[in-house]
Structure formats: C-alpha cells, structure tokens
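Next come the chains, spelled out residue by residue.
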Amino acid sequence: MKIKRNLLLICVFCISIMVTGCGDPLFVMTAEEESIITLYASKTVSKFNKNQSTGICNARVKTGELDEDYEADEETEEEVPENPEEETPLDEENPDMETGTIDEEIPDSETEVDSEESGYSFTNAMGIDGVEFSFSSFDVSDVFQTSAYATNKVNGKKYVVLHIDAVNNSGSSVDFSTISDRTYSLSIGEEKAEVVYVPVSNNLDTYDGVMKSGAEKSFVLVFLFSESSLENMSSLELFVTSDGTTRGTTI
C-alpha cells in the first residue's frame, strides 16, 4: 500500500512539472538581430582560426554594413599579424638568421693578395738590392748532372736548365740567408713548371751564402717539362714570387 502511495505522488509531481514548465521563455529575435549575431560570430571564429590562410581581424560591424546597398571603402587598412615573431619566415638551415639575409665575409683590406705582373727586367724581377742578374744561356737534356750529382731520367719529359750570372754592385756584402724566400716558375708555350730541387751549391733557389761587394757568381735553376712543350721554345718567361707578388721577366 505504501509503495502504491509513493508511485502516485511521483506521477503527480511529474505531471505538475510538465503542465507548469520551468525557466524563462525563448528570446525571439528579429531577422536583423540574427544577422548581426551571425556576422559577429563568424568574424570572431575567423579571427582565431590559425588554420585559415587569411582571416578577418576586425570583428566590429560597421554602420550600414548589413544593408543591401552597402559599399566597402576603397582604402583598406593593412592587416598586422598578432604575433610578428611567428609570422617572420626563418631560414631552415639557420633559424637564427632571417630569410634573405646573407652573412658575407668582408675581406681584410690589409690581407696580402697574390698579384702577377710581367715586363720586368731580370734584376728587377729578382728584387735583391745591389745585385744585378742577367740570363746567360739554357740547356735541354734528359738528365741534369754535375760532377757530384745527377737526376733521374723521366719518361716523356726533359730538364730545362737556366744559367744565370749575378754581380754584387753594392758597396757591401749581401747575405742571401737574410733575404725573404723566393719561388721560381718557368713558362714555355702553354706549359708552366715549378723549379726542381737539386742539391748543388749554385742552385739559386736554395742559395743562402754571402756575396761580397764586387763579387760575381753563376747560378742555375732547373725545371722539368714535357717533350711536346719543348718542340717550340720561342717564348720563355721566368716568374719570381716573393712577399705575395709575382714578377715576370721574358728570357
């Protein structure tokens, strides 16, 4: 009996709720109000939609914007990204550098740059104060040899030996060991060869002795060329390099 009474009370309570209802009635909007809310909501969503390539940043509705005959102003304000740091493209390989900027090394104006000049006299090409140099002759042979030394024969190549005379015209001795190092190369036609080391006392490439005032001495420079280049020896040019500068003299 008690259970039936409880079920009856529950049914009466449910029926009373269904009949009386609860809460406020729905707000009825006009068509213009619904358009305003819809436009505002769409602009707000677009503003914060980062997956969209372009969006509307200004969510305010301008006066008359909802009218059918509304025309937008020709001048439009440039859109500014909310977070410029995220919008700035960076170089993938160097994220610390903005795209379009290039780190270029500025050469030091004081850095020595090798330069090559021709047309020097033999003495000026050597550049040793007080010592005059002159070209005497040259030899072409399969080997270079002296009484105490001989080179090995190289297939398809021959040795070119320059004989050079030097005179110390200064009023004092010239110590070659104190002179800056010099390197030598010889050009014959289209081929250019570096000097070959030979252990002889009069090798100009390695000479570090002393020439007294008024003394004369004969030197040699030895080079190795292909036989094809030696078929036409109409043009020989010796290049002397020291202190970053190369000076050429025609033999």
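Residues numbered from 1 in each chain as written. Predicted model: local features only at pLDDT ≥ 70, side-chain atom pairs only at ≥ 80, totals over all residues. Heavy atoms only, no water.

A few words now on the overall build of the protein chain. Check the secondary structure of the protein chain and you find four helices and 10 strands. When the elements of the protein chain are put in sequence order from the N terminus, they spell out α-α-α-β-α-β-β-β-β-β-β-β-β-β. Within the protein chain, buried positions represent 24% of all 251 residues. Nonlocal contacts in the protein chain, meaning residues at least 24 apart in sequence, comprise 67% of its contacts between residues at least 6 apart. In the form shown here, the protein chain has an accessible surface area of approximately 18800 Å², with 50% of it arising from carbon and sulfur atoms. (Helix = DSSP H or I, 4+ residues; strand = E, 2+ residues; numbered from the N terminus. Buried < 20%, exposed > 50% of the residue type's maximum accessible area, 1.4 Å probe, protein only. Contact = heavy atoms within 4.5 Å. Areas by Shrake-Rupley, 256 points an atom, 1.4 Å probe, with all protein chains shown as cover.)

To continue, consider the pattern of salt bridges. Scanning all chains against the criterion turns up one salt bridge. Its salt-bridge partner being Lys153, residue Asp142 comes within 4.0 Å of it at the nearest N-O pair. Of this pair, Asp142 sits in the loop between strand E2 (131–141) and strand E3 (157–168) while Lys153 sits in the loop between E2 and E3, placing them 11 residues apart in sequence. Judged by its relative accessible area of 56%, Lys153 is exposed. (Salt bridge = Lys/Arg side-chain N within 4 Å of Asp/Glu carboxyl O.)

This next bit is on the sheet that holds E2. Overall, antiparallel pairing links the three strands, which are arranged E2-E3-E8 in an open sheet. Two strands bound the open sheet, and with one partner strand each, they are E2 and strand E8 (216–226). Averaged over all adjacent pairs, the angle separating strand axes in this sheet is 20°, with direction ignored. (Pairing = 2+ DSSP bridges. Axes fitted to C-alpha atoms, helices over the stretch in contact; angles between N-to-C directions.)

On to the confidence of the model for the protein chain. Looking at the protein chain as a whole, the pLDDT averages 79, with 67% of positions reaching at least 70. Scored below 50 in pLDDT, residues 97–102 shows nine contacts in the model against residues more than four places distant or in partner chains. Counting interchain partners and residues more than four positions distant, the pLDDT-below-50 stretch residues 109–113 has three contacts. (pLDDT = per-residue confidence, 0-100.)

In this section: the environment of Asn203. Mapped onto the secondary structure, Asn203 falls in the loop between strand E6 (191–194) and strand E7 (210–211). Judged by its relative accessible area of 0%, Asn203 falls in the buried class. Spatially, the C-alpha atoms of Asn203 and Leu221 are 6.1 Å apart, while their sequence positions differ by 18 residues. The residues touching Asn203, leaving out its near neighbours within four places in the chain, are Tyr197, Val198, Phe219, Val220 and Leu221. A distance of 3.2 Å separates a polar atom in the side chain of Asn203 from the backbone oxygen of Val198. (Polar contact = N/O pair within 3.5 Å; in protein donor to acceptor, adjacent residues only side chain to side chain.)

We now examine the nonpolar core. Counting residues in hydrophobic clusters, the biggest one holds 28 residues, and the most contacted among them are Phe133, Tyr184, Leu221 and Phe223. Breaking this core down by element, the ones donating at least two residues are helix H4 (122–126), E2, E3, strand E5 (183–188), E8 and strand E9 (236–242). Excluding its chain neighbours within four sequence positions, the residues that come into contact with Leu221 are Val160, Val161, Leu162, Ile164, Tyr184, Val195, Asn203, Leu204, Asp205 and Leu238. The next biggest cluster of nonpolar side chains, apart from the first, holds eight residues, and it includes Phe144, Val198, Val222 and Leu224. (Core = buried A, V, L, I, M, F, W, Y, C linked by side-chain atoms within 4.5 Å.)

Let us now look at the pairing of E9. Along any regular strand the residues' side chains alternate between the sheet's two faces. Here E9 lies mainly inside the structure; six of its seven residues are buried. Direction of pairing for E5 relative to E9: antiparallel, over a ladder of six bridges. In the strand pairing of E9, Thr183 is matched with Thr241. Of the pairings in the sheet, the one linking E9 to strand E10 (residues 245–250) comprises six bridges and is antiparallel in character. Across the sheet, residue Thr241 finds its bridge partner in E10, namely Thr246. Hairpin geometry of E9 and E10 is characterised by an intervening segment of two residues between the two adjacent antiparallel strands and by a positive phi of about 55° at Asp243.

By the element assignment, Thr249 lies in strand E10. Within the structure, Thr249 has its side chain in polar contact with the backbone oxygen of Tyr120 (distance 2.9 Å). Here Thr249 is in contact with Tyr120, Ser121, Phe122, Ala125, Leu236, Glu237 and Leu238, once residues within four sequence places are set aside.

Next up on the list: a nonpolar patch on the surface. Among the surface-exposed residues, Ile3, Leu7 and Ile10 lie close enough to one another that they form a single nonpolar patch of about 320 Å² accessible area. Here Leu7 shows up in helix H1 (residues 2–20). (Patch = residues over 30% accessible without salt bridge, like charges linked within 9 Å, V, L, I, M, F, W, Y side chains within 5 Å.)

This part covers unusual backbone geometry. Even without being glycine, Asp243 reaches a positive phi, approximately 55°. With respect to the helices and strands, the residue Asp243 is situated in the loop between E9 and E10. Residue Asp243 is classed as exposed on the basis of its relative accessible area of 56%.

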